[in-house]
Amino acid sequence: MLKKRNNDYRAERAKEHNLSLIEMINGCNLKAQNEFMKNFIHRLQLSEEKQDELFFGKSVCISSHFQNKRFNEFLAIIERLYSLGATYTGKASVCDIFIEYQDGEEEEIRFASVKQAEEIENKSILILSLEEALKSLNLTTEDLNKVDHINSKLYTERKERKKRKTWWNLLLYGRIKNHVGRFVKSARC
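The structure presented is a predicted model; accordingly, all values stated were derived computationally and were not measured. (Residues numbered from 1 in each chain as written. Predicted model: local features only at pLDDT ≥ 70, side-chain atom pairs only at ≥ 80, totals over all residues. Heavy atoms only, no water.)

Caption draft 1: Highlighting the environment of Asn68. Here Asn68 shows up in helix H3 (residues 64-69). A relative accessible area of 25% places Asn68 in the partly exposed class. Asn68 sits 35 residues away from Gln33 along the chain, and the two C-alpha atoms are 8.1 Å apart. When sequence neighbours within four positions are dropped, the list of residues in contact with Asn68 reads Cys28, Leu30 and Gln33. (Helix = DSSP H or I, 4+ residues; strand = E, 2+ residues; numbered from the N terminus. Buried < 20%, exposed > 50% of the residue type's maximum accessible area, 1.4 Å probe, protein only. Contact = heavy atoms within 4.5 Å.)

Laid out in structure tokens, this is it:
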């Protein structure tokens, strides 16, 4: 009984944490966005099929302005990149492809890092505008907003994974235990 209460307590704490995390993300909190993004990327499956010459096997960096201002669309692009066999990196100096997004006249930190890597390290980094990248990814701006990645990934997903029972759990706690017990009892006679 105590274990069940502890699990319920943990579930409630996780739910509260997720809801507060979502509130912070919607408030443009960078730390909360980074935590959510790490968990989001951890759940993605990297495609091993070569579907696109441009992105397959490449590491891609996206403008920090785009990440901060349009976080849900940012997650949709990352999801699409992983489905094409590309990975995301936040370090612009080590990426193969940089997706640029201009919003105002503020200088983009990651773009400056790309320019510096090209000049000093003689690294060849392909720079795409957001429109070019969306065209290459076969996405439109409407496609980016179809799924609300932030609000749809709540505690329910983790809870569903826990509900999936393995054969061992079934053996220990489920119906199989009763059948095995009956079998063992009948074998003793």
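Resuming the write-up.
Caption draft 2: Summary view of the packing of aromatic side chains. Enumeration over the complete set of coordinates arrives at five aromatic pairs. Pairing Phe36 with Phe71 gives two aromatic rings, centres 6.2 Å apart and planes at 65°, and the pair type is edge-to-face. Taken as a pair, Phe36 in helix H2 (residues 30-43) and Phe71 in helix H4 (residues 71-83) lie far apart in primary sequence, 35 residues in all. As far as the burial class goes, Phe36 and Phe71 line up, both buried. Taking the centre distance of 5.9 Å and the plane angle of 25° together, the rings of Phe71 and Phe74 count as stacked. Of the two residues, Phe71 and Phe74 both sit in helix H4, three residues apart, roughly one turn of that helix. (Phe/Tyr/Trp six-rings, centres within 6.5 Å; stacked < 30°, edge-to-face > 60°.)

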